[in-house]
Amino acid sequence: MFTHLDAPRHLMDHTNDHGALQLFIFLLNVLAVSNTGSTCEGPTSPQCYRRKLDKDVYTCEWSGPVSADRITYDLYFNTTYAPYSSREFKGISQIWHYTSSEALMVDRPVYVWVVANMGNTSCSSHNMSVVLNQRVKYEAPQKLSMMWSSNNLTLSWSAAETTPAAVEIQIQREAGTTESWENRATKTNVRNSMYWVKVMNLQRFSAYWVRVRQKSTVASNPLWSDWSSIHSVPAEIVNPPEVNFSIEDFDNGTRFLKLTWKLRKGVLKN
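Here goes a summary of the coordinates provided.

Rules used throughout
The numbering scheme is per chain: residues are counted from 1 as the chain's sequence reads. Per-residue local features of the predicted model are confined to residues with pLDDT of at least 70, and side-chain atom pairs are confined, for both listing and counting, to 80 or more; whole-chain, interface and lining totals are unaffected and use all residues. Only hydrogens and water are set aside; all other atoms, that is, all heavy atoms of the structure, feed into the side-chain values. Strands are runs of DSSP state E lasting at least two residues, helices are runs of H or I lasting at least four, and both sets are numbered from the N terminus onward. Categorising residues by exposure relies on relative accessible area from a 1.4 Å probe, with only protein chains included: less than 20% of the type maximum marks a residue as buried, more than 50% marks it as exposed, and the intermediate range marks it as partly exposed. Throughout, a residue-residue contact means that at least one pair of heavy atoms, one from each residue, lies within 4.5 Å. Cavities and pockets were defined on a 1 Å grid built over protein atoms only: a cavity is a set of grid points that admits a 1.4 Å probe from which the probe cannot escape, a pocket is an open set flanked by protein on both sides within 12 Å along at least five of seven lines, and lining residues are those with an atom within 4 Å of any such point. Grid points are joined across faces, edges and corners, and a volume is the space filled by probe spheres set on the points. When residues are sorted by character, Ala, Val, Leu, Ile, Met, Phe, Trp, Tyr, Cys and Pro go into the nonpolar class, Asp, Glu, Lys and Arg into the charged class, and all the rest, Gly among them, into the polar class. When a carboxyl oxygen of Asp or Glu is within 4 Å of a side-chain nitrogen of Lys or Arg, the pair counts as a salt bridge. We call a pair of cysteine sulfur atoms a disulfide when they lie within 2.5 Å. Here, nonpolar core means buried Ala, Val, Leu, Ile, Met, Phe, Trp, Tyr and Cys residues that are tied together by side-chain atoms lying within 4.5 Å of each other. Each aromatic pair joins two rings of Phe, Tyr and Trp (for Trp, the six-membered one) with centres within 6.5 Å, and gets the label stacked for planes under 30 degrees apart, edge-to-face for over 60, and tilted for any other angle. The rule is short: NZ of Lys or CZ of Arg within 6 Å of the ring centre and within 35 degrees of the ring normal puts a charge over the ring.

1. Some remarks on the environment of K198
Tracing the backbone through its elements, the reader meets K198 in strand β14 (residues 194-199). On the basis of relative accessibility, which here comes to 39%, the residue K198 falls in the partly exposed class. Spatially, the C-alpha atoms of K198 and M146 are 9.8 Å apart, while their sequence positions differ by 52 residues. With near-sequence residues (within four places) excluded, K198 lies in contact with N152, L153 and T154.

This is the structure we're talking about:
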């Protein structure tokens, strides 16, 4: 039987003209689609990338059948035109795989797909064409710092690279759960190995939830990072309380420190 796994090697050995190559691409997609309609659920198309432009380790990740036990994956790479070349990585037990640039064809278009093996059944993802060295996916922003200035909020975090990043910001007031996320898109500034952006025209006396994702502005085909964790942005304290203290010494060498301050209007005692 002619299967998806046989298609690249079988056709690549005998394909030299454009029409035959188009037939090869068509067969790959037909076989992938027919698999998804069978008794097993095929994985998603793999996303392959490196974390920075100067890195030579590539990650490929995908989503697999959630209900499957004892499942393994085979990851395939095939060049899209002559001279033809292929790579395969078999028996992968997780939904990602790391490999170095030396083991891949990174500077020319390749078809990438993954096959899920469950017992005697195999199901394939759709194949996708990528140039691997053009794909960069940053880590999600970590440890966001926040500072109010009037009604503008400055966010900062460790820079992924020395060049600015494109960012998407989602922000929501904590006051009610009925409000939807507001989306902001901008570009970071870079200073002292830190990215920073300013979110304009907020209400500094309101508390917010915020999360951020980023992507390269230099790579030809970048991917968005995962979203950062959701951070709580406290409202700005405009008039800090005046704090008084008193100290009482005890015979055992310890002290009792008592702090007192006036309650602001609008704040209720518990």
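Having seen the structure, we can now continue with the description.
2. Focus: the layout of surface pockets
Empty space within the second largest pocket amounts to approximately 180 Å³. Around the second largest pocket, the lining residues are R51, K52, Y138, E139, A140, P141, Q142, W157, S158, A159, A160 and Q214. Tallied by class, residues from the lining of the second largest pocket come to six nonpolar, three polar and three charged.

3. Points about the pattern of salt bridges
Scanning the entire structure with this criterion turns up eight salt bridges. Where R204 meets E236, a salt bridge forms, and the shortest distance between an N and an O atom there is 3.2 Å. Highlighted residues: R204 in the loop between β14 and β15 (208-216) and E236 in the loop between β16 (231-233) and β17 (243-249), separated in sequence by 32 residues. By relative accessible area, R204 is classed as partly exposed at 25%. Classification of E236 by relative accessible area gives partly exposed; the value is 26%. Close ionic contact of R255 with D249 constitutes a salt bridge, the shortest N to O distance being 2.8 Å.

4. A short note on the state of the cysteines
One pass over the structure, following the stated rule, counts one disulfide. Paired by a disulfide, C48 and C60 hold their sulfur atoms 2.1 Å apart. Note on the C48 and C60 pair: the S-S dihedral is about 115 degrees, so by sign convention the disulfide is right-handed. Taken as a pair, C48 in strand β1 (residues 47-49) and C60 in strand β2 (residues 57-61) lie far apart in primary sequence, twelve residues in all. In terms of burial, C48 and C60 fall into one category: buried.

5. Some thoughts on the nonpolar core
Of all hydrophobic cores here, the largest spans 22 residues; its most connected members are L75, F77 and L132. Every element with two or more residues in this core is listed here: β2, β3 (71-79), β4 (86-92), β6 (110-118) and β8 (128-130). The leading source of residues in this core is β6, at five residues. When near neighbours in sequence (up to four residues on either side) are disregarded, F77 contacts C48, C60, S85, S86, R87, F89, L104, M105, V110, Y111, V112 and L132. Y138, A165, I171 and V197 belong to the second-largest nonpolar core, a separate cluster that totals 21 residues.

6. A few points about the packing of aromatic side chains
One pass over the full model with this rule turns up five aromatic pairs. Relative to F89, the ring of F77 has its centre 6.0 Å away and its plane inclined at 90 degrees; by these criteria the two rings are edge-to-face. Of this pair, F77 sits in strand β3 while F89 sits in strand β4, and the two are twelve residues apart along the sequence. Like F89, F77 is buried. Centre to centre, the rings of W157 and Y195 are 6.2 Å apart; their planes meet at 80 degrees, and the pair counts as edge-to-face. Of this pair, W157 sits in strand β10 (residues 152-158) while Y195 is found in strand β14, placing the two residues 38 residues apart along the sequence. You can call W157 buried: its relative accessible area is 0%. For Y195, a relative accessible area of 0% translates into the label buried. Above the plane of the ring of Y81 lies R108, whose end atom (NZ or CZ) is 4.6 Å from the centre.

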